[in-house]
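Each chain, written out:
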Amino acid sequence: MGEFLHRAPLGMTVVLAGRDAPDVHWTADSGWAEVLSVLPLSELSESESSRLLTLKGVPEEQHAAVLSVTGGSPLALSLAAAPGIARNSGPRWEAEQAVIDRALPHLLGENPSSAARQALDVCALAPVTSEALLRAVLGGDAHRLFTWLRARPFITSVARGLYPFDAVRAALRRDLAWRDPDTFTDLVAKLRLVLLSRVRTASEAQLPEAVNDLLFLSQPFRTRPPRPAQQVHEAHYAPRDREEILELAARAEGKATAALVARWLDRNPTAFCVHRSVGQRAILGFSTWLRLASPDDTDWDPIVHAAWEHARTHAPLRTGEHIAVARFAVASPSCDGAPSLLDMMQRRALGESLRAERLGWAFAVFNHDPLPGTAAPHFGMPPIEQWVEVGARRYGLCAQDWRTDPAAGWLERPPAVAPLRRAEPSRAPLTVLSHAEFDEAVREALRNLHKPELLELSPLTKCRIVAEHDTDLHSVLTTAIEALLLERGGTRGHRALTALYVRGAPTQQAAALRLGLPFSTYRRHLTAAVRHVRASLWQHELHGTPVTGRLPPTLRP
C-alpha cells in the first residue's frame, strides 16, 4: 500500500476503509500526518438507518425488526438489507434471526476462540465490561481477554470499561439466547450476583450508577449502557434548603404534604436527599428514605401509619429488624425531566433496599394520579389494598417483605431478550417466624432428625436457612451440630447432641449412659448445645447466610 501511495499523482485523494484504525506509525510520521485524515465511521442515527434501508428497498414495516438487531451499523444494515433477509415473511423473531445469521460473522471478523467468545458474551450482556468484571464472571486470564476485547474495532472504550456497538451487542445477545438459552440464563445469573454485590458495597455517590447497571440485566432488551437520565446532582439536605423544599412540596403536592415534610425535616433531616441540576442552584426535587425501627410517634403521618399497620397485620418485625419507607419523591412541576427524575429517585430507593441490613418491609409511596411516564407500583412491588388520603390527594403504598423475597421478584426475572424459553415457575414464598417460633421449630426438628416424613413438615423448610441455599433441613441441622467442634468447649455439646439426635439414642438417659456421664451432667451439656445451635441458626436466618460452619465473629450469638 505504501508503494502505491508514493506513486500516486499529486492532488489525488485516496480513501481507504478497514476494520482497524491506521497503525500508529502512520499518524506519528510527520510526513504522513500533514496529509492523513482519520475519520472513524460512527453508527448511523435511527432516521439515517431507516433512510439507508429504504434506499436498499427494504419495506418500512420491516425497519423496526432490522434496526433491533443492527442498531446503526452501516455494515450490519447493508448485510441485513440483502434480498431474502430483511424481507423474511415469517414471524418477527425469525426475521431477526436471519439477520443475525448473516451479519454476525462479518461483524466479528476473525473466528474467536472459545474463551474469547465467552468474553464477547459477557461484554454483550453487561452494561459496561471491566477487567475485574471478566475476572469475577469467567475467572481465568481476564487480562488477556480484556486486552483482546479492547482491540476489537466494534468496541468502545469509556471511563468504566468497554461496551460493544449496538449492532454487535444486539446480535450477540440474541444469538446466545437462541443458540444456547441455558448458558444465556446462567451467564445473566452470574452477572446479576456480581452487580448486586457492587450495589451493596458501592459508596453513596456510586449507588445510582451501580443500580443502573443491575437494572440493565432485568429491564426489557436494551443495547446502550445506562446513562444518567439527566445531569442531576444529588446532595444531603442542608438547613439552607428548608424553605425551598417546603415551597416545592406545597406547590407540587399541596399544603398538607408540605406540613408533613416539615415535621420529617425536624425529626429526621438526614433521610432527605436533594436533587439539583448541575451548574444551577435551584432545587429540582427531593426524596426521602426513612428507616424506622418502631412505630412510636409516627401516627401523625397517615402514610407511615398505614405502612406500620400493614407490616403488623401481615408479618410483624422481629427483634433488630426495621421497615423502610420511600416516603417523599417530589419533582418540581416545572421540571422538564420530572418523570426521569422521579425514576432516578425510585432507583436510589431500590438501591437502599438492596443494601439494607435487617430490613423487614420496604414501602414506596405513589400518587393516585401519577405524572405521565412514571411507573407505579415500583419495580414490581405489589401495591397494598388501602389508599391513604393526605389533604385533597390520594396515595398508594407498594410493599415488599424482604425477608420472604430478599432478591425481589423483578430481579430474578430473565430479560425479555430470550425468546422461545418458557418462563420458570415462580419460587414459593418464604416463611417468616418469630424468634420464639423459630427456636421451637429447631427443637422439634432435632427430635425428628431421623424422621424424614416429619422433617418435611417443619416450617424451617420454608425459611431462609433452607429454601435460599439449595439444601435440605437434615443437612442444615447436621452441619450446625458439626460446627460445635469449631467452638471453644464445643466438644462436650457435640457429643451430647450426636449421641441423642445423630446416633438416635432412644432417651436422654440412654444417651448419658452411652457417653458414661451422670444424667445431670449430660443434661447440662445437651441444654447448652441446643441453645447454641438455636442461636447460630437464628443468626444465619436473619442474615441470609448459608449454614456451612462457624459464624463470623460479627454474627455470633
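See the structure shown above.
Read on for an overview of the structure. A quick note: this is a predicted structure, and the numbers were derived from the prediction, not measured. (Residues numbered from 1 in each chain as written. Predicted model: local features only at pLDDT ≥ 70, side-chain atom pairs only at ≥ 80, totals over all residues. Heavy atoms only, no water.)

**Quick look at the sheet that holds strand β7 (residues 359-367)**
Here comes step 1: The strand order β3-β4-β5-β6-β7-β9-β8 describes an open sheet built from seven strands, whose pairing is mixed. With partners counted over all chains shown, the strands left at the sheet margins are β3 (232-236) and β8 (388-390), one partner each. Strand-to-strand twist in this sheet, taken as the mean axis angle between neighbours without regard to direction, amounts to 25°.
Here comes step 2: In this structure, β7 lies alongside strand β9 (residues 393-401), joined through seven bridges in antiparallel fashion. Considered in β9, the bridge of Val365 is made with Leu397.
Here comes step 3: Across the face of the sheet, helix α14 (residues 242-253) comes into contact with β4 (272-277), β5 (283-292), β6 (322-331), β7 and β9 while running at roughly 95° to β5.
Here comes step 4: Helix-sheet contacts for helix α15 (residues 255-267) involve β4, β5, β6, β8 and β9, and the interaxial angle to β6 is about 130°. (Pairing = 2+ DSSP bridges. Helix = DSSP H or I, 4+ residues; strand = E, 2+ residues; numbered from the N terminus. Axes fitted to C-alpha atoms, helices over the stretch in contact; angles between N-to-C directions. Contact = heavy atoms within 4.5 Å.)

**Some thoughts on a nonpolar patch on the surface**
Here comes step 1: A contiguous nonpolar patch, built from Phe4, Met12, Val14 and Leu16 and spanning about 370 Å² of accessible area, is present on the exposed surface.
Here comes step 2: Tracing the backbone shows Leu16 in the loop between α1 (2-7) and α2 (24-28). (Patch = residues over 30% accessible without salt bridge, like charges linked within 9 Å, V, L, I, M, F, W, Y side chains within 5 Å. Areas by Shrake-Rupley, 256 points an atom, 1.4 Å probe, with all protein chains shown as cover. Salt bridge = Lys/Arg side-chain N within 4 Å of Asp/Glu carboxyl O.)

**Some thoughts on the pairing of strand β1 (residues 155-158)**
Here comes step 1: Relative to strand β2 (residues 161-164), β1 is paired through four bridges, and the arrangement is antiparallel. Within β2, the residue paired with Val158 across the bridge is Gly161.

**Examining the pattern of salt bridges**
Here comes step 1: Inspection of every chain in the model, using the stated rule, returns 24 salt bridges.
Here comes step 2: Asp141 is the salt-bridge partner of Arg144, the closest N and O atoms lying 3.3 Å from each other.
Here comes step 3: Judged by its relative accessible area of 39%, Asp141 is partly exposed.
Here comes step 4: A salt bridge links Asp266 to Arg242; the nearest nitrogen and oxygen atoms lie 2.9 Å apart. Placement of Asp266 in helix α15 and of Arg242 in helix α14 is noted, with a sequence separation of 24 residues between them.
Here comes step 5: Overall, Arg242 belongs to the partly exposed group, its relative accessible area being 23%.
Here comes step 6: When salt bridges that share partners are traced, they join Arg117, Asp121, Asp175 and Arg179 into one network. (Buried < 20%, exposed > 50% of the residue type's maximum accessible area, 1.4 Å probe, protein only.)

**Notes on unusual backbone geometry**
Here comes step 1: One non-glycine residue with positive phi stands out, namely Asp297, at about 55°.
Here comes step 2: As for its position among the elements, Asp297 is in the loop between β5 and α16 (302-314).

**Concerning helix α24 (residues 508-515)**
Here comes step 1: Along α24, the residues that are buried comprise Ala511, Ala512 and Leu515. Down the axis of α24, the smallest arc covering the buried residues is 100°, so these residues share one side.
Here comes step 2: Once α24 ends, the next one or two residues include Gly516, with phi positive near 70°. (Arc of directions from axis to C-beta.)

**Describing the nonpolar core**
Burial of nonpolar side chains together is a common tendency in soluble globular proteins.
Here comes step 1: Counting 54 residues, the largest nonpolar core has Leu134, Leu149 and Leu191 as its most contacted members.
Here comes step 2: Here this core gets eight residues from one element, more than from any other, and that element is helix α12 (residues 181-201).
Here comes step 3: Beyond its immediate sequence surroundings of up to four residues, Leu149 is in contact with Ala119, Leu120, Cys123, Leu134, Ile155 and Leu162.
Here comes step 4: Of all hydrophobic cores here, the second largest spans 40 residues; its members include Ala271, Val274, Ala315 and Ile323. (Core = buried A, V, L, I, M, F, W, Y, C linked by side-chain atoms within 4.5 Å.)

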